[in-house]
Amino acid sequence: MRKDSLYYDIYNKLRDDILSGNVPTDKKITEVGLSKELNVSRTPVRMAISKLKEEGLIKGKYVYIPTATDLRDISQVRILLEGYAANYCATYITEEKLAELAQCVEQGFHGTQEEQLHANYLFHQIIVEETRNAKLIQVIEQMQSYIRLLRLAVTIEGRPRLVAEHQEIYEAIKNGDGSKAEHLLKEHITKDLNFSLSKLRFLEQD
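Reading guide: rules and limits
- Residues numbered from 1 in each chain as written.
- Predicted model: local features only at pLDDT ≥ 70, side-chain atom pairs only at ≥ 80, totals over all residues.
- Heavy atoms only, no water.
- Axes fitted to C-alpha atoms, helices over the stretch in contact; angles between N-to-C directions.
- Helix = DSSP H or I, 4+ residues; strand = E, 2+ residues; numbered from the N terminus.
- Parallel < 35°, antiparallel > 145°, perpendicular 65-115°, else oblique.
- Left-handed = near helix turned anticlockwise from the far one by under 90°.
- Contact = heavy atoms within 4.5 Å.
- Nonpolar A, V, L, I, M, F, W, Y, C, P; charged D, E, K, R; others polar.
- Salt bridge = Lys/Arg side-chain N within 4 Å of Asp/Glu carboxyl O.
- Phe/Tyr/Trp six-rings, centres within 6.5 Å; stacked < 30°, edge-to-face > 60°.
- Buried < 20%, exposed > 50% of the residue type's maximum accessible area, 1.4 Å probe, protein only.
- Lys NZ or Arg CZ within 6 Å of the ring centre and 35° of its normal.
- 1 Å grid on protein atoms, 1.4 Å probe; cavity = no way out; pocket = protein on both sides within 12 Å on 5 of 7 lines; lining within 4 Å.
- Points joined across faces, edges and corners; volume = space filled by probe spheres on them.
- Polar contact = N/O pair within 3.5 Å; in protein donor to acceptor, adjacent residues only side chain to side chain.

Visitor: When you look at the packing of helix H4 (residues 68-92) against helix H10 (residues 178-199) in this model, what are you seeing that I'm missing?
Guide: Packed helices, taken two at a time, are described by the angle their axes make and the gap between the axes. Relative orientation of the contacting elements H4 and H10 amounts to 160°, with a least axis distance of 8 Å. Overall, the two elements H4 and H10 adopt an arrangement that is roughly antiparallel. Of the two elements, H4 crosses H10, and the hand of that crossing is right-handed. Seen from H4, the contacting residues are Ala-68, Leu-71, Arg-72, Ser-75, Arg-78, Ile-79, Glu-82, Gly-83, Tyr-84, Ala-86, Asn-87 and Ala-90; seen from H10, they are Gly-178, Ser-179, Ala-181, Glu-182, Leu-185, Lys-186, Ile-189, Thr-190, Leu-193 and Leu-197. Here the contact of H4 with H10 is built from residues that sort into eleven nonpolar, six polar and five charged.

Visitor: I keep staring at the pattern of salt bridges and nothing clicks. Help me out?
Guide: Where charged atoms from two side chains of opposite charge come close, those side chains can pair. This structure, assessed with the given rule, holds 16 salt bridges. For Lys-13, the salt bridge goes to Asp-17, with nearest N and O atoms at 3.1 Å. Here Lys-13 and its partner Asp-17 are both found in helix H1 (residues 3-19), four residues apart, which amounts to about one turn of the helix. Arg-159 is the salt-bridge partner of Glu-165, the closest N and O atoms lying 2.7 Å from each other.

Visitor: In this structure, what is going on with the packing of aromatic side chains? I would like to understand it.
Guide: The final tally for this structure, using the stated rule, is five aromatic pairs. Taking 6.5 Å as the distance between ring centres and 65° as the angle between the ring planes, the aromatic pair formed by Tyr-7 and Tyr-8 counts as edge-to-face. Residue Tyr-8 is classed as partly exposed on the basis of its relative accessible area of 44%. With 6.0 Å between their ring centres and 40° between their planes, Tyr-84 and Tyr-88 make a pair best called tilted. Of this pair, Tyr-84 and Tyr-88 both sit in helix H4, four residues apart, which is roughly one turn of that helix. Judged by relative accessible area, which is 40%, Tyr-84 ranks as partly exposed. Tyr-88 gets classed as partly exposed once you look at its relative accessible area, which sits at 22%. Grouping aromatic residues by their ring pairs yields a cluster made of Tyr-7, Tyr-8 and Tyr-11. Just above the ring of Tyr-11 sits the side chain of Lys-51; from NZ or CZ to the centre is 5.3 Å. Note that Lys-59 overlies the ring of Tyr-64, its terminal NZ or CZ placed 4.0 Å from the centroid.

Visitor: I tried to follow the layout of surface pockets on my own but got confused; where do I start?
Guide: Rolled over the atoms, a probe as big as a water molecule pinpoints where empty space is left. Of the voids in this model, the largest pocket is the one considered here, and its volume is about 310 Å³. Taken together, 14 residues make up the lining of the largest pocket; nearest its centre are Tyr-8, Arg-15, Tyr-121, Arg-148 and Arg-151. Of all the secondary-structure elements, those providing two or more residues to the lining of the largest pocket are H1, helix H6 (113-129) and helix H8 (144-156). When the residues that make up the lining of the largest pocket are grouped by side-chain class, the tally is four nonpolar, four polar and six charged. Contributing to the lining of the second largest pocket are eleven residues, with Leu-149, Leu-152, Ala-153, Ile-156 and Leu-200 lying nearest its centre. With four residues, H8 is the single largest residue contributor to the lining of the second largest pocket. The class makeup of the residues in the lining of the second largest pocket is seven nonpolar, one polar and three charged.

Visitor: Hey, could you run me through the environment of His-166 in this one?
Guide: Within the element layout of this structure, His-166 appears in helix H9 (residues 162-174). Its relative accessible area of 4% is what places His-166 among the buried residues. Sequence separation between His-166 and Ala-119 is 47 residues; the distance between their C-alpha atoms is 10 Å. Dropping the residues within four chain positions of it, His-166 is found in contact with Val-105, Asn-120, Phe-123, His-124 and His-188. Reaching out from His-166, the side chain makes a polar contact with the side chain of His-188 at a distance of 3.1 Å.

Now the structure itself:
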């Protein structure tokens, strides 16, 4: 197995274990300990821990469970950045990526739950990446673990009109209506946040 693939597998497993509450908050997370536990070398473990620290799920040597305030904060940032991105895409998105957005909508309606999760991720990611703004993309990337928590909540708990809103955003982008696309995407993220906060009972409601 390639080393970068192993790192990504470790990162995904540890991230999802943290977000599902399977890692006690008082358990120390170390390269040596995880390497022995997973029977892998320290390098991919170090990379996975580093990324999770960057994303805010590990602080010091312990896991960090985001609070309601954390999720509100990242959602406010997403509203600003992804709203801009949707507006931008209405003018500059390529036909290829527009077709991929349509596929995400289709899979969101008809795919398995795992396919719906991926389609949700990809829909937003395409819009962000089509800005070709490296700094914007980087900021969103640093929030991906928290965003995944929201994505899991809205998909698994079945937020009403989740995919229908993706379709409306797609149509606005396709029709070149940047203002509408921006407005719809901002509303979409706000609804994701509010729905998630009502479902994620383990969050500290600060």
